[in-house]
Amino acid sequence: MSSDKEQMREAESLRRTAFCGVAISTIATLTCIVAIPALYNYMQHVQSSLQTEVDFCKHRTTGLFEQYERMQVIKGVRGKVVKRQAGYDSPVQAQPSYGDSAVADSSASSEGSCCSCGGPVGDNGHDGQPGAAGQPGADGQSGDQGPKGGCDHCPPPRTAPGY
């Protein structure tokens, strides 16, 4: 009789342990299902925010450097400052010094945006000469079948005997 009671106690203990294990694993699984996408979304938000900040810093640095170059030209000072590569996606252009070539480069890059003197943009040029004739085009689709021809007032044709 005591062995039956011990077995019942052991079975009840194992039942509680199994229930706790299933409950904990269910909660852990549901937490992972919710937490991993939320963490991914947060990391993507942080990355895009940082990318925006980095782009803003690159833009401001480029603007400041161009102003510095303009001030050198206005003051007549030619420094031996070498422009470094700002990012991985921009090509490296080594120039020994900035002077007239830097002014030409900065004016060439600002074409098409706005004029630095504040004047209006000029008119478009004249149209060019017409080009040469192109190659002949492909054949079109076939048309619908026409009505069957025939003659209503003629007699039927004669055929030789045996045919």
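For clarity, every value in this text was computed on a predicted model and none was experimentally measured. (Residues numbered from 1 in each chain as written. Predicted model: local features only at pLDDT ≥ 70, side-chain atom pairs only at ≥ 80, totals over all residues. Heavy atoms only, no water.)

Glancing now at the packing of aromatic side chains. Under the criterion given, the structure shown has 1 aromatic pair. Arranged with centres 6.4 Å apart and planes meeting at 45°, the rings of phenylalanine 65 and tyrosine 68 form a pair that is tilted. Of this pair, phenylalanine 65 and tyrosine 68 both sit in helix H1 (residues 2-75), 3 residues apart, which is roughly one turn of that helix. (Phe/Tyr/Trp six-rings, centres within 6.5 Å; stacked < 30°, edge-to-face > 60°. Helix = DSSP H or I, 4+ residues; strand = E, 2+ residues; numbered from the N terminus.)

Moving on to the UniProt feature "transmembrane region" (unreviewed entry) in the protein. Residues annotated in UniProt with the feature "transmembrane region" (unreviewed entry) correspond here to residues 20-40. Measuring from the first to the last C-alpha atom of residues 20-40 gives 30 Å, for a span that is 100% helix and 0% strand. (UniProt positions renumbered as here; feature names shortened; annotations may be inferred.)

Mapped onto the elements of the fold, serine 25 is located in helix H1. Within polar-contact distance, the side chain of serine 25 engages the backbone oxygen of valine 22 at 3.0 Å. (Polar contact = N/O pair within 3.5 Å; in protein donor to acceptor, adjacent residues only side chain to side chain.)

In this section: the pattern of salt bridges. Using the criterion set out here, one finds 2 salt bridges in the structure. A salt bridge links arginine 15 to glutamate 12, with the shortest nitrogen-to-oxygen separation between them at 3.1 Å. In this pair, arginine 15 and glutamate 12 both sit in helix H1, 3 residues apart, roughly one turn of the helix. The class of glutamate 12 is partly exposed, set by a relative accessible area of 33%. Close ionic contact of arginine 70 with glutamate 66 constitutes a salt bridge, the shortest N to O distance being 3.9 Å. Here the residue arginine 70 and the residue glutamate 66 both occupy positions in helix H1, the gap between them amounting to 4 residues, near one helical turn. (Salt bridge = Lys/Arg side-chain N within 4 Å of Asp/Glu carboxyl O. Buried < 20%, exposed > 50% of the residue type's maximum accessible area, 1.4 Å probe, protein only.)

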